[in-house]
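The lines below spell out each chain.
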Amino acid sequence: MTSSARFATENGPKYLQQLCKHFAHKIEVSFDEHRGRALLGPGPMDLAADETGLSVTVSAEDVRGIIEARYIVDKHLVTFAFRDGFSGFTWQLNG
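If you're wondering where the values come from, they're calculated on a predicted model, not measured in any experiment.

## So, the side chain of Thr9
And step 1. Mapped onto the elements of the fold, Thr9 is located in the loop between strand S1 (2-8) and helix H1 (12-23).
And step 2. Of the residues examined, Thr9 reaches a relative accessible area of 8% and is grouped as buried.
And step 3. Beyond its immediate chain neighbours, meaning those up to four positions away, Thr9 contacts Tyr15, Asp50, Glu51, Thr52, Gly53, Leu54 and Asp84.

## Considerations on the packing of aromatic side chains
And step 1. Taken as a whole and judged by the stated rule, the model has 4 aromatic pairs.
And step 2. Pairing Phe89 with Trp91 gives two aromatic rings, centres 5.1 Å apart and planes at 65 degrees, and the pair type is edge-to-face. Judged on exposure class, the residue Phe89 and its partner Trp91 are both buried.
And step 3. Ring pairs connect the aromatic residues Phe7, Tyr15, Phe86, Phe89 and Trp91, which therefore count as one cluster.

## Brief notes about the packing of H1 against helix H2 (residues 63-80)
And step 1. H2 packs onto H1 with a crossing angle of 115 degrees between their chain directions and a minimal axis gap of 10 Å. Once H1 is placed against H2, the crossing between them reads as right-handed. Counting all contacts with H1, which are made through Tyr15, Gln18, Leu19, His22 and Phe23, the residues of H2 involved are Ile72, His76, Leu77 and Phe80.
And step 2. Taken together, the residues that form the contact of H1 with H2 break down as 6 nonpolar, 3 polar and no charged.

## Examining the pattern of salt bridges
And step 1. Scanning the model with the defined rule gives 2 salt bridges in all.
And step 2. Across the salt bridge formed by Asp50 and Arg6, the nearest N and O atoms sit 3.1 Å from each other. One end of the pair, Asp50, is in strand S4 (residues 44-50); the other, Arg6, is in strand S1, and 44 residues separate them in sequence.
And step 3. The class of Asp50 is partly exposed, set by a relative accessible area of 27%.
And step 4. Of the charged contacts, one joins Arg37 and Asp46 as a salt bridge, the two residues approaching to 2.6 Å between their closest N and O atoms.
And step 5. For Arg37, a relative accessible area of 35% gives the class partly exposed.

Scoring rules and cut-offs
Residues numbered from 1 in each chain as written. Predicted model: local features only at pLDDT ≥ 70, side-chain atom pairs only at ≥ 80, totals over all residues. Heavy atoms only, no water. Helix = DSSP H or I, 4+ residues; strand = E, 2+ residues; numbered from the N terminus. Buried < 20%, exposed > 50% of the residue type's maximum accessible area, 1.4 Å probe, protein only. Contact = heavy atoms within 4.5 Å. Phe/Tyr/Trp six-rings, centres within 6.5 Å; stacked < 30°, edge-to-face > 60°. Axes fitted to C-alpha atoms, helices over the stretch in contact; angles between N-to-C directions. Left-handed = near helix turned anticlockwise from the far one by under 90°. Nonpolar A, V, L, I, M, F, W, Y, C, P; charged D, E, K, R; others polar. Salt bridge = Lys/Arg side-chain N within 4 Å of Asp/Glu carboxyl O.

Next up, the structure:
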């Protein structure tokens, strides 16, 4: 299963790097300025950023894992993007 969301912001690359650097202290992460991947407990998280926003896709084996992954991402991005008024993604369940 996957779930995805997008946050419209001029700071997408900044937030991608902040998230990846933060997660790299505990889990396997790879990233550059515009793409990132972190192996969260429930499954992988893929990030894409450009000058118009940050896109996130999380994957997991079941709905419980998707909910957990969404929570992890939202919780951390709320901390990093508070100046942009981020309060959580509007997630789409892809199947």
